[in-house]
2 protein chains.
Amino acid sequence: MTTLVNRQFLLVSRPAGEPTDANFRLVETNVPELADGQVLVRHHYLSLDPYMRGRMNDAKSYAPPQPLNEVMVGGTVGVVVASRHPAFAEGDRVASMGGWQEYAVMDAAKPGQLRKIDTTRIPLSAYLGPLGIPGLTAWYGLLRIIKPVQGNTVVVSAAAGAVGSAVGQLVRRAGARAVGIAGGAEKCRLAVEEFGFERCIDYREHRDLPSLSAALAAACPNGIDGDFENVGGMILDAVMINANAFSRVAVCGMIAGYNGEPIPMAAPQLILTNRMTFEGFIIREHPEAWAEASADLGALVASGALKYRETVAHGLESAPEAFRGLLKGRNIGKQLVKLV
Amino acid sequence: MTTLVNRQFLLVSRPAGEPTDANFRLVETNVPELADGQVLVRHHYLSLDPYMRGRMNDAKSYAPPQPLNEVMVGGTVGVVVASRHPAFAEGDRVASMGGWQEYAVMDAAKPGQLRKIDTTRIPLSAYLGPLGIPGLTAWYGLLRIIKPVQGNTVVVSAAAGAVGSAVGQLVRRAGARAVGIAGGAEKCRLAVEEFGFERCIDYREHRDLPSLSAALAAACPNGIDGDFENVGGMILDAVMINANAFSRVAVCGMIAGYNGEPIPMAAPQLILTNRMTFEGFIIREHPEAWAEASADLGALVASGALKYRETVAHGLESAPEAFRGLLKGRNIGKQLVKLV
């Protein structure tokens, strides 16, 4: 095998606020020879996700910070180009946490490092979206935390995003009513036309809490029974004002504060007066649900019943700018970087 | 029977901030003749509780507002002085929601109106404290929401109050470690010496969040696994900073905001990063737990294993001032008004 050149993005400094190009360095390295048990994967797609912003901070969180001067963490799908592990062969489609780089050498023997995926009826990139972390997150937060029943109203923020778009469709399947919140007319249109939402509120048209709360009240005449929270800040405040007794909030993300903005909750006493339940979760801590969720979502994607959108940036060098766009909500559906 | 004169406190206007004497009116009325099925109770003790402040507002909450010009709502214990219901006889000890008045005519046939209580081994007033709403609330919030396991650390705000003092002792019984927060050296001393707390932090010595958070960190070297929240505001913020992964918060009260002060939650994103669960609850919505809780608490009180304190104001006319004191944390343990 001739020597392959890999391109990699390292995090070289921690952003204050929005990440800048100076926080990253694009480097070229030679792909090393494989040792026994290793597999070389050529990445076709890199997933960009809001959680990455948290990892860039040197702060206590559910995962250790991204180390400086190492390849940025990230989910990937690709194709095996060389293998010294018996379970993987050249040409296999695989998903892994390969990071922001064109190739990755994976220790295939380590559990959870590398997962073979079936692309007969499902596109490769779907394993980063509806069948990846976003889809599993949607499934778990809705079905294990919010647990909607027929006739419930469930609000979903970032409704046109990779997670929210799946939540909306799963809400509708449960016989409940999905009301989305998204930024911009185009996202709202998609939420309603494709992602199962009965109504979608454009938060850009509501710059203060009374206005947003009134819009939610109008869209949810029977109040709010569940909230799949991806954004936080004023959006969560408005939901809480309209929450029904015994409503459930699945706290999946608070992207409003990912660049360090303060996002206080205005009236936490509503947790008591509305007898609400809040539960923060991250999907990788609930492996007991993965098999059931994957089977369910896989069938829905393969049959075309679960729709999804992708926003695709091209080439590794586009990753930082695409990531900033993600934090600003410029993407629709899953934000990917196509590498091949 | 000669005509009895009843004295009653009506709520005549809604307080803005702290309730003033002008919000109440003390009236004298004649006790009416009993109709069939009615029971006349002479109140011995009136319970004063933080929830009453919420009822004084004309706002959406878990219970309808206290109507103006009617007797203030409130829990009472007393003795039957006349009965036209076969299940109750003169001399029976009873608990009810008799309100801020010396006598009450109760429709004994209505479910839940009037409950006979056994004062052979348990003092009458305990049915407003460890065997009343505060005790049941402590039991449910701790054992059904926080669910401490051996070695856990549970923080309890208002640790020397009627609820908190019971929670501390139940935490210790569960083999977990109780850390209290209370206002003043005397309350902290009692929390540790009588109520099962291993440590108690005097929040008056910590006027800002970094200081209180550092004190909590020092008192909870293994972090916080559960929080029984009675206060909210800065106290809850400090707990959240020190919360462990998968910690549980039973939201029982937010007395910091009961007079209308804003009490924003500084960093709700900690719900996600610490994967916390919050659950707001009020005990009267969980009748399925009352029998088990009452039996458990009754045995503990009768044996002397569960300690409790009372702060007793004398005479109905003392109720408004005693209530203001309760909101300011002047009481230790259960705040009562003794009427006989």
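Residues numbered from 1 in each chain as written. Chains lettered and ligands numbered in written order. Predicted model: local features only at pLDDT ≥ 70, side-chain atom pairs only at ≥ 80, totals over all residues.

### With respect to the domain arrangement of chain A
- Considered domain by domain, chain A is made up of domain 1 (5-128 + 309-338) and domain 2 (133-284).
- Residue classes in the side of domain 1 of chain A that touches domain 2 of chain A are distributed as 4 nonpolar, 5 polar and 5 charged. (Domains from an automatic or database assignment. Nonpolar A, V, L, I, M, F, W, Y, C, P; charged D, E, K, R; others polar.)

### Considerations on helix H8 (residues 290-303) of chain B
Residue and element names in this part refer to chain B.
- For H8, with 14 residues, the first-to-last C-alpha span of 20 Å sits near the 20 Å given by 1.5 Å per residue.
- Of all the positions in H8, only Ala293, Leu297, Gly298, Leu300 and Val301 are classed as buried. Buried positions in H8, seen along its axis, are confined to an arc of 165° and lie on one side of it. Those residues of H8 that are exposed and aimed more than 90 degrees away from the buried face are Ala291, Ala295, Ala299 and Ser303.
- Next to the buried residues of H8 lie helix H2 (133-146).
- Among the residues trailing H8, Gly304 stands out with phi positive, at a value near 85°. (Helix = DSSP H or I, 4+ residues; strand = E, 2+ residues; numbered from the N terminus. Expected span 1.5 Å × (residues − 1). Buried ≥ 20, exposed ≤ 12 C-beta atoms within 10 Å, placed from the backbone. Arc of directions from axis to C-beta. Contact = placed C-beta atoms within 7 Å.)

### A few points about the packing of H2 of chain B against helix H3 (residues 162-173) of chain B
Residue and element names in this part refer to chain B.
- Following both chains from N to C, one finds H2 and H3 inclined at 45°, their axes separated by 8 Å at the closest point. The angle between the axes of H2 and H3 places the two elements in the oblique class. For H2 against H3, the interelement crossing comes out right-handed. Of H3, the residues touching H2 (which contributes Pro134, Gly135, Thr137, Ala138, Trp139, Leu142 and Leu143) are Ala162, Val163, Ala166, Val167, Leu170 and Val171.
- Classifying every residue of the contact of H2 with H3 gives 11 nonpolar, 2 polar and no charged. (Axes fitted to C-alpha atoms, helices over the stretch in contact; angles between N-to-C directions. Parallel < 35°, antiparallel > 145°, perpendicular 65-115°, else oblique. Left-handed = near helix turned anticlockwise from the far one by under 90°.)

### A short note on unusual backbone geometry
Residues and elements named next belong to chain B.
- Positioned with a positive phi, Phe246 is a non-glycine residue whose angle comes to about 65°.
- Within the fold, Phe246 resides in strand S13 (residues 243-251).
- Phi angles above zero are rare outside glycine, and Arg275 is one such case at about 45°.
- Relative to the elements of secondary structure, Arg275 occurs in the loop between helix H7 (269-273) and strand S14 (277-280).

### Here we look at the packing of helix H5 (residues 209-219) of chain B against helix H6 (residues 234-241) of chain B
All names here are of chain B.
- It is the contact of H5 with H6, at a shortest axis distance of 9 Å, that shows an interaxial angle of 50°. With respect to H6, the axis of H5 lies oblique. H6 is crossed by H5, and the crossing has right-handed handedness. Residues Leu209, Leu212, Ser213 and Leu216 of H5 touch H6, and the partners they reach there are Met234, Asp237, Ala238, Val239 and Ile241.

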